[in-house]
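Summary of the model geometry
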Amino acid sequence: MSLGLKRGTVRLEPHDPAWDDVAREVISLLWNVLGGDAVDIQHVGSTAIPSIDAKPIIDIAVAVKRPEALEEYDDVLEKRGVIFRKTERDDDRFYVMGDAESRSCHIHMVPANGLKWENYIAFRDYLNVNPDAARRYCGLKRELAGRYADDREAYTEGKAELIARLLNEARTWKNAE
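Rules and cut-offs
Residues numbered from 1 in each chain as written. Predicted model: local features only at pLDDT ≥ 70, side-chain atom pairs only at ≥ 80, totals over all residues. Heavy atoms only, no water. Helix = DSSP H or I, 4+ residues; strand = E, 2+ residues; numbered from the N terminus. Expected span 1.5 Å × (residues − 1). Buried < 20%, exposed > 50% of the residue type's maximum accessible area, 1.4 Å probe, protein only. Arc of directions from axis to C-beta. Contact = heavy atoms within 4.5 Å. Polar contact = N/O pair within 3.5 Å; in protein donor to acceptor, adjacent residues only side chain to side chain. Patch = residues over 30% accessible without salt bridge, like charges linked within 9 Å, V, L, I, M, F, W, Y side chains within 5 Å. Areas by Shrake-Rupley, 256 points an atom, 1.4 Å probe, with all protein chains shown as cover. Salt bridge = Lys/Arg side-chain N within 4 Å of Asp/Glu carboxyl O. Lys, Arg positive; Asp, Glu negative; His and termini not counted. Charge placed at Lys NZ, Arg CZ, Asp CG, Glu CD. Axes fitted to C-alpha atoms, helices over the stretch in contact; angles between N-to-C directions. Parallel < 35°, antiparallel > 145°, perpendicular 65-115°, else oblique. Nonpolar A, V, L, I, M, F, W, Y, C, P; charged D, E, K, R; others polar. Pairing = 2+ DSSP bridges.

Turning our attention to helix α4 (residues 131-147). Taking 1.5 Å of rise per residue, 17 residues should cover 24 Å, and α4 covers 24 Å from first to last C-alpha, within 8% of that figure. Looking only at α4, the buried set comprises A133, A134, Y137, C138, L140, K141, L144 and A145. Taken around the axis of α4, the buried residues stretch over an arc of 165°, which confines them to a single face. In α4, the exposed positions that point more than 90 degrees away from the buried face belong to R135 and G146. Residues of α4 that are buried sit in contact with α3 (115-129) and α5 (152-176). Structurally, the start of α4 carries an N-cap: the backbone nitrogen of D132 is 3.2 Å from a side-chain oxygen of N130.

This is how it looks when you write it as structure tokens:
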């Protein structure tokens, strides 16, 4: 299993079932630290979608009750290899696992029942049940990875329009369930 990617670079790999094992280990660690402040913790992102290629970085989404209390956990998390990186808004916090050169895991802590949480779950679930949507997304990712192997920001920006369309499809699908 290849896990981790140098910061700022893009490399896609076929799905590796071992990524699910790593995700379960990270989720267990997070439950142990966050306890009752976590409402749900799930493996999200491309590594959670077996039919598509992914950057070898595990994405974990954490739905939390009290986003304002999360910084209380920063020292304990850091001792376990989970490093705080930034606050995207007052109630969203981003953490990483890895070393100075590469990242193996991204952890997104967001308010429970908020739009970001719903988007993470809906996007993953929709691509897992809709092969056409997964193919479209994977095709674009491959094209962009070939073009922007050393520019992760451009790669991410290149996916934004399709992700927005797929999220709209996912919400429609989810509401029809």
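Once you've had a look at it, read on.
This part covers a negative patch on the surface. Taken together, D150, D151, E153 and E157 make up a surface patch of like negative charges. Along the chain, the position of E153 falls in helix α5.

It is worth spelling out the environment of V62 at this point. By the secondary structure assignment, V62 is in strand β3 (residues 58-64). C-alpha separation for the pair V62 and G35, spaced 27 residues apart in sequence, amounts to 11 Å. In contact with V62, other than residues within four places in its own chain, are L30, L34, A38, D40, I41, I107, H108, M109, V110 and W117.

Here we come to the packing of α4 against α5. The interhelical angle for the contact between α4 and α5, taken along N-to-C directions, is 175°, at an axis separation of 9 Å. Judged on the interaxial angle alone, α5 and α4 are roughly antiparallel. For the pair α4 and α5, the contacting residues are A133, R136, Y137, L140, K141, L144 and A145 in the first and Y155, G158, K159, L162, I163, L166 and E169 in the second. Residue composition of the contact of α4 with α5, grouped by class: 9 nonpolar, 1 polar and 4 charged.

Across the interface, α3 lies against α5 with an axial gap of 9 Å and an inter-helix angle of 85°. Our classification of the angle between α3 and α5 gives roughly perpendicular. Touching L115, N119, I121, A122, F123, D125, Y126, L127 and V129 of α3 are I163, L166, L167, E169, A170, R171, W173 and K174, all from α5. Looking at the contact of α3 with α5 residue by residue, the class counts come to 12 nonpolar, 1 polar and 4 charged.

Once that is clear, we can look at the pairing of strand β5 (residues 92-98). By the criterion of burial, β5 is predominantly enclosed, with 6 of the 7 residues buried. Bridge count for β5 against strand β6 (residues 102-111) is 6 bridges, and the pairing is antiparallel. Residue pairing in the sheet places R93 in a bridge with M109 of β6. What sits between the antiparallel neighbours β5 and β6 is a turn of 3 residues.

Let us now look at the pattern of salt bridges. Side chains that differ in sign of charge can pair as their charged atoms come close. Inspection of every chain in the model, using the stated rule, returns 13 salt bridges. Of the charged contacts in the structure, one is a salt bridge between D92 and K116, with a shortest N-O distance of 2.9 Å. Taken as a pair, D92 in strand β5 and K116 in helix α3 lie far apart in primary sequence, 24 residues in all. Given a relative accessible area of 28%, K116 falls into the partly exposed group. Note that R165 and E161 form a salt bridge whose closest N and O atoms lie 2.9 Å from each other. Residue R165 and its partner E161 are located together in helix α5, separated by 4 residues, close to a single helical turn. By relative accessible area, R165 is classed as partly exposed at 42%.

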